[in-house]
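Working through the structure, step by step
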Amino acid sequence: LLQPFFIKGEGEHGVSLFFAAEYSCEYGSLKFYALCGVGGVLSCGLTHTGVVPLDLVKCRMQVDPQKYKSIFNGLCKFGFYEVFKILYGNMLGEENAYLWRTSLYLAASASAEFFADIALAPMEAAKVRIQTQPGYANTLRQALPKMFAEEGIWAFYKGVAPLWMRQIPYTMMKFACFERTVEALYKYVVPKPRSECTKGEQLIVTFVAGYIAGVFCAIVSHPADSVVSVLNKEKGSSASQVLMRLGFKGVWKGLFARIIMIGTLTALQWFIYDSVKVYFRLPRPPPPEMPESLKKKLGLTE
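Parameters at a glance
Residues numbered from 1 in each chain as written. Predicted model: local features only at pLDDT ≥ 70, side-chain atom pairs only at ≥ 80, totals over all residues. Heavy atoms only, no water. Helix = DSSP H or I, 4+ residues; strand = E, 2+ residues; numbered from the N terminus. Expected span 1.5 Å × (residues − 1). Phe/Tyr/Trp six-rings, centres within 6.5 Å; stacked < 30°, edge-to-face > 60°. Lys NZ or Arg CZ within 6 Å of the ring centre and 35° of its normal. Core = buried A, V, L, I, M, F, W, Y, C linked by side-chain atoms within 4.5 Å. Buried < 20%, exposed > 50% of the residue type's maximum accessible area, 1.4 Å probe, protein only. Contact = heavy atoms within 4.5 Å. 1 Å grid on protein atoms, 1.4 Å probe; cavity = no way out; pocket = protein on both sides within 12 Å on 5 of 7 lines; lining within 4 Å. Points joined across faces, edges and corners; volume = space filled by probe spheres on them. Nonpolar A, V, L, I, M, F, W, Y, C, P; charged D, E, K, R; others polar. Axes fitted to C-alpha atoms, helices over the stretch in contact; angles between N-to-C directions. Parallel < 35°, antiparallel > 145°, perpendicular 65-115°, else oblique. Left-handed = near helix turned anticlockwise from the far one by under 90°. pLDDT = per-residue confidence, 0-100. Polar contact = N/O pair within 3.5 Å; in protein donor to acceptor, adjacent residues only side chain to side chain.

Considerations on helix H11 (residues 255–279)
- If you check H11, its first and last C-alpha atoms are 35 Å apart, about what 25 residues at 1.5 Å a residue would give, namely 36 Å.
- Immediately beyond the C-terminal end of H11, within one or two residues, lies arginine 281, with a positive phi of roughly 55°.

Regarding the packing of aromatic side chains
- The tally for this structure, following the rule as stated, stands at 17 aromatic pairs.
- Ring centres of phenylalanine 175 and tryptophan 270 lie 5.2 Å apart, and the angle between their planes is 80°; this geometry places the pair in the edge-to-face category. Of this pair, phenylalanine 175 sits in helix H8 (residues 160–189) while tryptophan 270 sits in helix H11; the two residues are 95 residues apart in sequence, bridging distant segments of the chain.
- Through a chain of ring-to-ring contacts, three or more aromatic side chains come together here, namely Phe78, Tyr81, Phe175, Phe178, Trp270 and Tyr273.
- Positioned above the aromatic ring of tyrosine 98, the side-chain terminus of arginine 101 is 4.2 Å from the ring centre.
- We note lysine 146 situated over the ring of tyrosine 136; from NZ or CZ to the ring centre the distance is 4.3 Å.

Some words on the nonpolar core
- The biggest cluster of nonpolar side chains holds 28 residues, and the ones touching the most others in it are Phe32, Phe78, Tyr81, Phe178, Tyr186, Trp270 and Leu282.
- Taken together, the elements giving at least two residues each to this core come down to helix H1 (30–50), helix H3 (65–92), helix H5 (101–132), H8, helix H9 (199–233) and H11.
- With 7 residues, H8 is the largest single contributor of residues to this core.
- The contacts of tyrosine 186, once residues within four sequence positions are left out, are Arg194, Cys197, Gln202, Val205 and Pro287.
- Core analysis: the next-biggest nonpolar cluster, separate from the first, contains 11 residues, Met123, Ala137, Ala143 and Ala155 among them.

Comments concerning the layout of surface pockets
- Size it by volume and the second largest pocket reaches roughly 1100 Å³.
- Along its surface, the second largest pocket is lined by 35 residues, and Tyr27, Lys85, Pro285, Pro286 and Pro288 are the ones closest to its centre.
- Elements with a contribution of two residues or more to the lining of the second largest pocket: H3, helix H4 (94–99), H5, H8, H9 and H11.
- At 6 residues, the largest contribution of residues to the lining of the second largest pocket is made by H3.
- Considering only residue class, the lining of the second largest pocket consists of 20 nonpolar, 5 polar and 10 charged.

What to know about unusual backbone geometry
- Despite not being glycine, arginine 281 has its phi angle at roughly 55°, a positive value.
- Note on placement: arginine 281 falls in the loop between H11 and helix H12 (292–297).
- With relative accessibility at 31%, the residue arginine 281 sits in the partly exposed group.

With respect to the environment of lysine 249
- Position of lysine 249 relative to the elements: it lies in helix H10 (residues 239–251).
- For lysine 249 and proline 223, which are 26 residues apart along the polypeptide, the C-alpha to C-alpha distance reads 9.8 Å.

Remarks on the packing of H8 against H11
- The geometry of H8 relative to H11 is characterised by a closest axis approach of 12 Å and an angle of 60° between their N-to-C directions. If you check the angle between H8 and H11, you find them oblique. The element H8 and its partner H11 pack so that their crossing is right-handed. Contacts between H8 and H11 pair Tyr170, Lys174, Phe175 and Phe178 from the former with Ile262, Thr266, Gln269 and Trp270 from the latter.
- Tallied by class, residues from the contact of H8 with H11 come to 5 nonpolar, 2 polar and 1 charged.

What about the confidence of the model for the protein?
- Confidence in the prediction of the protein, expressed as mean pLDDT, is 81, and 81% of residues score 70 or more.
- Element-level mean pLDDT values for the protein span from 38 in helix H2 (residues 57–63) up to 94 in H4.
- Scored below 50 in pLDDT, residues 1–20 shows 31 contacts in the model against residues more than four places distant or in partner chains.
- Across residues 53–65, where pLDDT falls below 50, the model places 14 contacts with residues more than four positions away in sequence or in other chains.

Thoughts on the side chain of arginine 284
- One can find arginine 284 in the loop between H11 and H12.
- Within the structure, the side chain of arginine 284 is placed 3.0 Å from the side chain of aspartate 274, a separation counted as a polar contact.
- Contacts of arginine 284, omitting those with residues within four sequence positions, involve Tyr23, Arg194, Lys199, Gln202, Asp274, Lys277 and Val278.

This is how it looks when you write it as structure tokens:
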């Protein structure tokens, strides 16, 4: 059991002693989820800002809803993922959570993205309206009330289904691939157990696993991204028309550059997120190991 901040023990002659615990909060507590959300905000916010020239950050924040989106995106996605991973793991039980851990990661990340997109849909809708209708509005503050006055609440959520279709598979790959890659690196690559690694060494593993996950994310999402990019330039075309015109080679054009970009961003996001956990002394469970009860059932112990 992970103890919060300070624990009490007995010294010689019954003298009460207080020892600093390893963690600042319990795994799965409200404080844990809140600080994970902060980590998500910093992770996505800092990496997104990193791709924008520093002298443009201020003015771009004022006119581009994407900047606000990246902040809420990190808060919802990473925070909700931790919630659902623990929730579903407890529902499955220790043995099934281990046996079905890949499915657990996929379900937790899909659930996190599902609710994150509901929260992000209004900003996504405003972004599309600003980008596709020149002169409609210049800022998020101008667009949101205008859209509500014209179409009501439906204006913000009519695009949530396409958003789910685009984002949920990407997020499932991002989280599940990262989790299994971390597990594989410690099992087959790192020459010592995670418990014997320094915090710096653990963060290096996090970065490498994040980059590998980013490569797979880029590959999975690239065809759809190619189609969407053309659709944004050509009004009146449908996705199926663009797909047929681009062909197999066309949808994979530019993949290498996308792998470099998405791989680097994803690696940095995971690195920053894990660094925040280290800074706040949050519980960081090691890669899952087969429970002793399951080993006995499978005859793997004497």
